[in-house]
Amino acid sequence: MENFFLFVLMCVLLILLPGPDFAIVTKNTVTRGKFGGMKTALGTCCALLIHTTAAILGLSALIVKSAFLFSIFKYVGAIYLIYLGIKTFWSLRKKKDEVEVEFVQEGTLSNTSCFKQGFLTNILNPKVALFFLTFFPQFVNTSSDTFMPFLIMGITYTILTALWFVFYIYLIDHISAFIKNARTQKVIEGITGAILIGFGLRLALEKANP
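Here is what the cut-offs are and how they apply
- Residues numbered from 1 in each chain as written.
- Predicted model: local features only at pLDDT ≥ 70, side-chain atom pairs only at ≥ 80, totals over all residues.
- Heavy atoms only, no water.
- Helix = DSSP H or I, 4+ residues; strand = E, 2+ residues; numbered from the N terminus.
- Buried < 20%, exposed > 50% of the residue type's maximum accessible area, 1.4 Å probe, protein only.
- Contact = heavy atoms within 4.5 Å.
- Areas by Shrake-Rupley, 256 points an atom, 1.4 Å probe, with all protein chains shown as cover.
- Polar contact = N/O pair within 3.5 Å; in protein donor to acceptor, adjacent residues only side chain to side chain.
- Core = buried A, V, L, I, M, F, W, Y, C linked by side-chain atoms within 4.5 Å.
- Expected span 1.5 Å × (residues − 1).
- Arc of directions from axis to C-beta.
- Phe/Tyr/Trp six-rings, centres within 6.5 Å; stacked < 30°, edge-to-face > 60°.
- Patch = residues over 30% accessible without salt bridge, like charges linked within 9 Å, V, L, I, M, F, W, Y side chains within 5 Å.
- Salt bridge = Lys/Arg side-chain N within 4 Å of Asp/Glu carboxyl O.
- Axes fitted to C-alpha atoms, helices over the stretch in contact; angles between N-to-C directions.
- Parallel < 35°, antiparallel > 145°, perpendicular 65-115°, else oblique.
- Left-handed = near helix turned anticlockwise from the far one by under 90°.
- Nonpolar A, V, L, I, M, F, W, Y, C, P; charged D, E, K, R; others polar.

Engineer: Before we go on, may I ask you to explain the overall build of the protein in this structure?
Structural biologist: A count of helical and extended segments in the protein gives nine helices and zero strands. Taken from the N to the C terminus, the helices and strands of the protein come in the order α-α-α-α-α-α-α-α-α. Residue burial in the protein is summarised as follows: out of 210 residues, 46% are buried. By sequence separation, contacts in the protein at least 24 residues apart represent 87% of the contacts at least 6 residues apart. Taken as a whole, the protein presents about 11200 Å² of accessible surface, with 69% of it coming from carbon and sulfur.

Engineer: Can you walk me through the environment of Tyr168 in this structure?
Structural biologist: Tracing the sequence through the fold places Tyr168 in helix H7 (residues 147–174). The class of Tyr168 is buried, set by a relative accessible area of 12%. Measuring from C-alpha to C-alpha, the distance between Tyr168 and Val25 comes to 9.2 Å, with 143 residues separating the pair along the chain. Apart from residues lying up to four places away in sequence, Tyr168 is in contact with Phe22, Val25 and Thr26. Here Thr26 takes part through its side chain, which lies 2.7 Å from a polar atom of the side chain of Tyr168.

Engineer: Where do I start with the nonpolar core in this structure?
Structural biologist: One recurring pattern in soluble globular proteins: nonpolar side chains tend to sit buried together. In terms of nonpolar packing, the biggest core is built from 33 residues, with Phe7, Phe132, Phe135, Phe136, Met153 and Tyr157 touching the most fellow members. Here this core takes nine residues from H7, the largest share from any one element. The contacts of Phe135, once residues within four sequence positions are left out, are Phe7, Met10, Cys11 and Leu14.

Engineer: Would you explain helix H1 (residues 4–15) in this entry?
Structural biologist: Every α-helical turn comprises 3.6 residues, leaving residues that sit three or four positions apart pointing alike. With twelve residues, H1 should reach 16 Å at 1.5 Å per residue; the first-to-last C-alpha distance of 16 Å fits that figure. Phe7, Cys11 and Ile15 are the residues of H1 that are buried. For H1, the angular spread of buried residues about the axis comes to 65°, placing them on one side. Where H1 is buried, its residues meet helix H6 (126–135) and H7.

Engineer: What am I meant to see in the packing of aromatic side chains here?
Structural biologist: Any two aromatic rings considered together are summarised by their centre-to-centre distance and by the angle between their planes. What the rule picks out here adds up to 18 aromatic pairs. Measuring from centroid to centroid gives 4.7 Å for Phe22 and Tyr168, while their planes differ by 35°, and the two rings are tilted. A residue pair is termed long-range when its members are at least 10 positions apart, and Phe22 in helix H2 (residues 20–57) and Tyr168 in helix H7 qualify at 146 residues. Relative to Phe136, the ring of Phe135 lies with its centre 6.2 Å away and its plane at 55°, an arrangement referred to as tilted. For Phe136, a relative accessible area of 0% gives the class buried. Taken together, the aromatic side chains of Phe4, Phe5, Phe7, Phe131, Phe132, Phe135, Phe136, Phe139, Phe150 and Tyr157 make up a single cluster linked through ring pairs.

Engineer: What is the right way to read the side chain of Gln117 from this model?
Structural biologist: By secondary structure assignment, the location of Gln117 is in helix H5 (residues 112–123). There is a polar contact of 3.0 Å between the side chain of Gln117 and the side chain of Asn28. Once you skip the residues sitting within four places of it in the chain, Gln117 turns out to touch Ile24, Lys27, Asn28, Tyr80, Leu84 and Lys87.

Engineer: Mind showing me how you'd approach a nonpolar patch on the surface here?
Structural biologist: Judged by side-chain polarity, Phe4, Phe5, Phe147, Met148 and Ile152 come together as a nonpolar surface patch covering roughly 520 Å² of accessible area. When contributions to the nonpolar patch are tallied by element, the ones reaching two or more residues are H1 and H7. At three residues, H7 tops the list of elements feeding residues into the nonpolar patch. Looking at where Met148 falls in the secondary structure, it is placed in helix H7.

Engineer: Where do I start with the packing of H1 against H7 in this structure?
Structural biologist: How two helices pack is summed up by the angle between their axes together with the distance between the axes. In the contact formed by H1 and H7, the axes pass within 10 Å of each other and the chain directions differ by 40°. With respect to each other, H1 and H7 are oriented oblique. Taken as a pair, H1 and H7 cross one another with a handedness that is right-handed. Contact with H1, carried on its side by Phe4, Phe7, Val8, Cys11, Val12 and Ile15, involves Ile152, Met153, Thr156, Tyr157, Leu160, Thr161 and Trp164 of H7 and no other residues of that element. Counted by class, the contact of H1 with H7 contains eleven nonpolar, two polar and no charged residues.

Here it is as structure tokens:
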């Protein structure tokens, strides 16, 4: 593997860019508290490890090169993001008469869907597979075995993503008094819902080749 420290720096810069994972972690942290956000981030990181495995085994290349498979993942992922956005707006409608929103405590059944949302948002996004196949090879001598370099880079990217989300979730939790305000929460949820629908529509228009 070549230029590992440059790889780490580029990963950090890319992770800081808002995307569907960032949006869903924000939504679940705001609506379900710190533990909801953590479970969402855990789901995202598990999906990243699967993407890493797929890249090592060549499955990601198969998906990206196959217009049919790419389209399946693309449209399923897009529909799921749009569904989450609409669901967010629907939950706002149900809360319109509430003065304060009660946070769901850790260990409740409602919190279990957070992991699923984080996992599906990431695993159904073919752009993540495309990212792994276009970004990782830039730091590897492709004439030699790529198994260990891809494994190291995938784990490194996942760890950096986890660290960022932990910091971000605790930051939101730290200002929870402001976040728990019903009006603030509705504004954040409304913006997040619009962002999720926007990402879904953008993903639906994405082409297989960058």
